[in-house]
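# Structural overview
The chain contents come next:
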Amino acid sequence: MTDESSIAGSRVGWGFDAHRLGGDPPILMGGVAVSESEGVIATSDGDLVAHAITDALMGACVLGDIGEHFPSDDPNSENADSMFLLRQAATMALASGWVPVHVDVTVIAESIRVAPHREEIRAQLGAALDIPLEAVSVKATTTDGLGFIGDDQGIATVAVVSVQATP
Ligand SMILES: [Zn+2]
């Protein structure tokens, strides 16, 4: 980064993730087990909230994407702790001059219930990104029975992360 003005101010990054249902339980979201009876199919721990936020954070800082930094064919990715990867992404963001200040994530699922775990997920994400609880939003919606999500074949998340240039 040679031009200092290029890292002034604030930025926003966007992330998306989806996984097929059917792997070993539990389903993790933000490090929190939201289902003890179902799982998702993934090389890592399949934490799709952590994955979407990691990609959003990397997007805000123009650091590439999660697959580039943590390839799923890397033996180290086997059952990887995705919240650890998110904290690593936050460290990379800081090193490139950005600090996360707000996150908004939406889980899109039909039968998997997020609401009972919302506060715990918010707390975990706030701790991982070192931002106050008031700046961590976790929402959930369905597709009204439509598509692969509506058929409970899979679940998805979208996330937006805002960052500010470090002083
Ligand atoms: Zn994922």
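The text that follows walks through the structure, step by step, so that each part is easy to find.

Cut-offs and rules
Residues numbered from 1 in each chain as written. Predicted model: local features only at pLDDT ≥ 70, side-chain atom pairs only at ≥ 80, totals over all residues. Heavy atoms only, no water. Core = buried A, V, L, I, M, F, W, Y, C linked by side-chain atoms within 4.5 Å. Buried < 20%, exposed > 50% of the residue type's maximum accessible area, 1.4 Å probe, protein only. Helix = DSSP H or I, 4+ residues; strand = E, 2+ residues; numbered from the N terminus. Contact = heavy atoms within 4.5 Å. Expected span 1.5 Å × (residues − 1). Arc of directions from axis to C-beta. Pairing = 2+ DSSP bridges. Donors = N, O, S within 2.8 Å, 3.2 Å for Na, K, Ca; no water.

## Describing the nonpolar core
Ranked by internal contacts, the top residues of the largest apolar core, which has 43 residues, are M29, I53, L57, L125 and I155. Only β2 (27–29), β3 (32–35), α1 (48–61), α3 (82–95), β5 (98–108), α4 (118–129), β6 (136–141) and β7 (154–165) provide two or more residues apiece to this core. Contact partners of L125, with chain neighbours within four places excluded, come to G30, V49, I53, M83, L86, V105, V136 and V138.

## As for unusual backbone geometry
A negative phi angle characterises most non-glycine residues, just as the trans form characterises most peptide bonds. Residues P25 and P26 are joined by a peptide bond in cis, for which omega reads 0°. Topologically, P26 is positioned in the loop between β1 (10–21) and β2. One non-glycine residue, V62, lies in the positive phi region at around 55°. Among the structural elements, V62 can be located in the loop between α1 and α2 (66–69). In this model, D144 sits at a positive phi of 60°, which is unusual for a non-glycine residue. Mapped onto the fold, D144 is located in the loop between β6 and α5 (147–150).

## Section: α1
Between its first and last C-alpha atoms α1 spans 20 Å; for 14 residues at 1.5 Å apiece the expected length is 20 Å, and the two agree. Among the 14 residues that make up α1, 13 are buried, leaving the element largely enclosed by the rest of the structure.

## Topic: α4
Count 3.6 residues to each turn of an α-helix, and residues three or four apart come out pointing the same way. For α4, built from 12 residues, the straight-helix expectation of 16 Å at 1.5 Å per residue is met to within 8% by its first-to-last C-alpha distance of 16 Å. All of the buried residues along α4 are I121, R122, L125, G126, A128 and L129. Down the axis of α4, the buried set is contained in an arc of 165°. They therefore lie on one face. Following α4 by one or two positions, D130 adopts a phi angle in the positive range, close to 60°.

## Points about the pairing of β1
In this sheet, β7 lies alongside β1 in antiparallel orientation, the contact comprising 11 bridges. Bridge pairing in β7 links D17 to T157. The sheet contact formed by β1 and strand β4 (residues 40–41) spans two bridges and is antiparallel. Opposite L21, over in β4, you have V40 as the bridge partner.

## Quick notes on the coordination of the zinc ion
Around the zinc ion, the protein contributes the donor atoms D17 (OD), H19 (NE2) and H51 (ND1), at 1.9 to 2.0 Å from the metal centre. Along the chain, the residues donating to the zinc ion fall in the pattern D-x1-H-x31-H. Here H19 is found in strand β1, whereas its partner H51 is found in helix α1, with 32 residues between them in sequence. Of the two residues examined, H19 and H51, each falls in the buried class.

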